[in-house]
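Below, each chain spelled out in residue letters.
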Amino acid sequence: ETLVHATEPEQVVDGFYRILRPGGHIVLHEYDHDYESEEAIGPALASAMKQISQFGAAPTWDKAKRGYFERLLKDAGFVDVQIEDYSENVRPMLRLFWLMAVIPNFFIQLFGLQKYFVNTVGGAYAYNAREYWRYVSVSAKKPGGRK
């Protein structure tokens, strides 16, 4: 879950490609999403997504629409790109985060403290936004190496 924090994810993936040996593998675990507009998810969720992106230092989140990470790796030259969706595995944990965060988040929003408690904001909204995102494992291989 680190690529989402990169300001230039293309450069990061190009760097991964450059330093991997031929035949080497890369595996990323990231969230992606499939909502097309803020109107589609509503104002409260859109506001929370902006807060998480801004205060959580996650500039890639806006780009991370479904298929983004796959294209990113292919564009860098990786092959055998595979996506595994583990969303159902993380949802119980996110439900627990929601239970722990929903009340504190009310006060965080009320007093404008989002930048200090961005993980609480994420915890308060991620479970309720579950229909709009996936938690994926993206794996790929650098061509070459032994056959």
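Residues numbered from 1 in each chain as written. Predicted model: local features only at pLDDT ≥ 70, side-chain atom pairs only at ≥ 80, totals over all residues. Heavy atoms only, no water.

1. A closer look at the packing of aromatic side chains
Reasoning step 1: Inspection of every chain in the model, using the stated rule, returns six aromatic pairs.
Reasoning step 2: A ring pair is formed by Tyr35 and Tyr132, whose centres lie 6.3 Å apart and whose planes are at 90°; its orientation type is edge-to-face. With a gap of 97 residues between them, Tyr35 in the loop between strand S1 (25–33) and helix H2 (38–41) and Tyr132 in the loop between helix H6 (118–126) and strand S3 (133–141) connect regions that are remote in the sequence. Across the pair, exposure class does not vary: Tyr35 and Tyr132 are buried alike.
Reasoning step 3: Ring centres of Phe106 and Phe107 lie 5.1 Å apart, and the angle between their planes is 85°; this geometry places the pair in the edge-to-face category.
Reasoning step 4: Looking at Phe107, the relative accessible area reads 43%, which means it is partly exposed.
Reasoning step 5: An aromatic cluster of three or more residues is present, and its members are Tyr31, Trp133 and Tyr135.
Reasoning step 6: Across the ring face of Tyr127, the terminal group of Arg130 is positioned such that the distance to the ring centre comes to 4.0 Å.
Reasoning step 7: For the cation-ring pair, Lys142 lies above Tyr17, with the distance from its terminal atom to the ring centre recorded as 4.7 Å. (Phe/Tyr/Trp six-rings, centres within 6.5 Å; stacked < 30°, edge-to-face > 60°. Helix = DSSP H or I, 4+ residues; strand = E, 2+ residues; numbered from the N terminus. Buried < 20%, exposed > 50% of the residue type's maximum accessible area, 1.4 Å probe, protein only. Lys NZ or Arg CZ within 6 Å of the ring centre and 35° of its normal.)

2. Section: the sheet that holds S1
Reasoning step 1: Taking strand neighbours across the sheet as the criterion, the three strands line up as S1-S3-S2 in an open arrangement whose pairing is antiparallel. Taken across any chain shown, the strands that pair with only one partner, and hence form the sheet edges, are S1 and strand S2 (79–85). Pairwise comparison of adjacent strand axes, ignoring direction, gives a mean angle of 25° for this sheet.
Reasoning step 2: Packed on one face of the sheet, helix H4 (residues 68–76) meets S1, S2 and S3 and runs near 145° to S1.
Reasoning step 3: Of the strands in this sheet, S1, S2 and S3 are in contact with helix H5 (residues 87–110), which crosses S3 at around 135°. (Pairing = 2+ DSSP bridges. Axes fitted to C-alpha atoms, helices over the stretch in contact; angles between N-to-C directions. Contact = heavy atoms within 4.5 Å.)

3. Section: the layout of surface pockets
Reasoning step 1: Approximately 710 Å³ is the volume attributed to the largest pocket.
Reasoning step 2: Along the wall of the largest pocket there are 28 residues; nearest its centre are Glu1, Tyr31, Ile52, Gly122 and Ala126.
Reasoning step 3: Sorting the residues of the lining of the largest pocket by element identifies S1, helix H3 (43–55), H5 and H6 as the ones contributing at least two each.
Reasoning step 4: Looking at the lining of the largest pocket element by element, the count peaks at six residues for H6. (1 Å grid on protein atoms, 1.4 Å probe; cavity = no way out; pocket = protein on both sides within 12 Å on 5 of 7 lines; lining within 4 Å. Points joined across faces, edges and corners; volume = space filled by probe spheres on them.)

Any functional reading would require information that these geometric values do not contain.
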